[in-house]
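Take a look at the letters that make up each chain.
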Amino acid sequence: MATLAITGGQLLRPDGTISRADVLVDQDEGTILELGDDLAGTGDTNLDASNALVTPGFVNGHSHVAMTLLRGHADDKPLDAWLQEDIWPAEDELTPEDIRVGAELGLLEMIKSGTTAFADMYFEVPEIAAAVDTAGLRARLGHGVVTVAADEAAAREDAQTSIDVARELDGAADGRISTAFMPHSLTTVGEEYLDEFVPKAREIGVPIHYHANETTDEVAPIVEERGMRPLAYAAEKGMLEPEDFVAHGVHVDESEIELLAEAGTGVIHCPGSNMKLASGMAPVQRLLDAGVTVGLGTDGAASNNDLSLLDEARDAAMVGKLETGDASAVPAGAVAEFLTHGTADAIGLDTGRLEPGSAADLAVIDLETPHLTPPHDLVSHLAYAAAAADVKHTICDGQVLMRDREVQTLDERAVCDRAREHAVALVDRAAE
Ligand SMILES: CSC[C@H]1O[C@@H](n2cnc3c(O)ncnc32)[C@H](O)[C@@H]1O
Ligand SMILES: [Zn+2]
């Protein structure tokens, strides 16, 4: 058995408290073997965590990781105009290789900012899975289905691809990859396709993930045409089960909050994207008060514009207070849960807790920096003050993905060079 010791650090425990402990990892099993006062010298290899905070690796509950290629391509527009005028025309030009290159850039950024697990909706998912396998992260992946502008044969093929991808890739990368059926949203996928394919997702036993209640423009047509709220419609279509999770949930009313709480369906809060696209502010404290499982997501790098969950954590805390007019809303402790086991639970991945037997997915945050001094409250620092560049080691499934800020599984320079070339060519093709 190969072992790794992470020594000298302060540990964020599953109950949200912080205390001193070393961590011993079974690298063959990818699990935490032991937490103890003095495990220095017990591992085959050692990572120094002195004057550092050791947290579970961060979990990103909603992303489109390959959209890094479109970072900064189209800013300062609302969702519909942004998608229809800029993003979808550019995505029409994407090749499988572009998606591989964009995914590698996104994964590099995730590793550098302490993320070890994520949920992702996009196209050419085998390319993304291959990048995840190489990079060493954990992921729930799915092919995003959009049927609005497609003829019936193309729409059915798209939905079937989502089912096939979910079946074929579940368990890939030595079990680090799991999957979901991913209709894009309740307005971009026709009812007949939900009726046909939601039962197929249930047959193969995968969750369903989709964008929901992101903007008022998305809510209004459902209310007008069906006389019901979007999440009541989702429940009617069988898409509100405990394993399912929706992205955004900005414009949810009390009846929908109750539906989510009763169903056990998770909501992935994406405050950066919601602010940038001016979509609105999700009622996160009300969701929490109602008992809804809330997670945190970056959305894609074209609407954020980075993939750092520490940025997202700060945004969540800040916007939570603004939305309620209450400075005690969405406090640091809640945000620390969002970063770790809250989001892991929402997307159904078994990670996010530092305890013996758990997945050895960790981030080590360097506290030797002015903006994290003094160390009065390290949970506060995690929510309000820490940044991506403070992450010094990242470990997933017991493997060291970044040591002393050097990513081990991807060649940083080569990934960035390739991404630059592919992004320029992509945007040029889209402009032709
Ligand atoms: C069909 S694959 C996923 C699809 O979603 C698009 N997308 C990216 N960000 C958002 C967002 O905030 N709301 C809705 N759709 C979004 C992405 O560009 C892909 O086309
Ligand atoms: Zn999204």
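Chains are numbered independently. Their residues run from 1 in the order of the written sequence. Written order determines the labels here, with chains lettered from A and ligands numbered from 1. The predicted nature of this model means local features are confined to residues of pLDDT at least 70 and side-chain atom pairs, given and counted, to a pLDDT of 80 or more, with totals for whole chains, interfaces and linings taken over all residues. Side-chain metrics in this entry use all non-hydrogen atoms of the structure; hydrogen atoms and water are not considered.

### Observations concerning the coordination of the zinc ion (ligand 2)
To be explicit about the condition: Metal sites are built from N, O and S donor atoms within 2.8 Å, or 3.2 Å for Na, K and Ca, and they leave out water, so they may look incomplete. By the criteria applied here, four donors are tetrahedral when all angles lie between 85 and 135 degrees, four are square planar and six octahedral when opposite donors are over 155 degrees apart and every other angle lies between 65 and 115, and any other arrangement is irregular. Each helix corresponds to a stretch of at least 4 residues labelled H or I by DSSP, and each strand to a stretch of at least 2 residues labelled E; elements are numbered beginning at the N terminus.
The coordination sphere of the zinc ion (ligand 2) contains the protein donors His62 (NE2), His64 (NE2), His211 (NE2) and Asp299 (OD), at a distance range of 2.0 to 2.2 Å. Metal-centred angles of 87 to 164 degrees between the four donor atoms at the zinc ion (ligand 2) mark the site as irregular. Along the chain, the residues that donate to the zinc ion (ligand 2) are spaced as H-x1-H-x146-H-x87-D. Of this pair, His62 sits in strand β8 (residues 58-63) while Asp299 sits in the loop between β16 (294-296) and α11 (309-324), and the two are 237 residues apart along the sequence.

### A short note on a negative patch on the surface
Stated formally: For patch detection, residues must exceed 30% relative accessible area and be free of salt bridges, and they are connected within 9 Å for like charges or within 5 Å for nonpolar side chains (Val, Leu, Ile, Met, Phe, Trp, Tyr). Residue exposure ignores everything except the shown protein chains as possible cover, and the areas themselves are Shrake-Rupley values with a 1.4 Å probe. Salt bridge, as used here, is a side-chain nitrogen of Lys or Arg placed within 4 Å of a carboxyl oxygen of Asp or Glu. In summary, the charge assignment counts Lys and Arg as positive and Asp and Glu as negative, without counting His or the chain termini. Note that the charge is assigned to NZ on lysines, CZ on arginines, CG on aspartates and CD on glutamates.
On the surface, Asp48, Glu368, Asp404 and Glu406 cluster together to form a negatively charged patch. Turning to its location among the elements, Glu368 is positioned in the loop between β17 (362-366) and α13 (378-385).

### A few points about the UniProt feature "binding site: substrate" (unreviewed entry) in the chain
To keep things clear, this is the line we draw: UniProt positions are given in the numbering used here, feature names are shortened, and annotations may be inferred rather than shown by experiment. Categorising residues by exposure relies on relative accessible area from a 1.4 Å probe, with only protein chains included: less than 20% of the type maximum marks a residue as buried, more than 50% marks it as exposed, and the intermediate range marks it as partly exposed. The criterion used for residue contact is that any of the two residues' heavy atoms lie within 4.5 Å. In protein, a polar contact requires one atom able to donate a hydrogen and another able to accept it; more generally it is a pair of N or O atoms within 3.5 Å, and residues adjacent in sequence count only if both atoms are side-chain atoms.
Under the present numbering, the feature "binding site: substrate" (unreviewed entry) in UniProt falls on Glu91, His184, Glu214 and Asp299. Here His184 is to be found in the loop between β12 (182-183) and α5 (191-204). Classification of His184 by relative accessible area gives buried; the value is 14%. Here His184 is in contact with Trp88, Met121, Val145, Val146, Val189, Tyr210 and His211, once residues within four sequence places are set aside. Within polar-contact distance, the side chain of His184 engages the side chain of Thr188 at 2.7 Å. Looking at where Glu214 falls in the secondary structure, it is placed in the loop between β13 (209-212) and α6 (216-226). Looking at Glu214, the relative accessible area reads 4%, which means it is buried. Apart from the residues lying within four places of it in its own chain, the contact partners of Glu214 are Leu79, His248, Val250, His251, Asn274, Leu277, Ser279 and Asp299.

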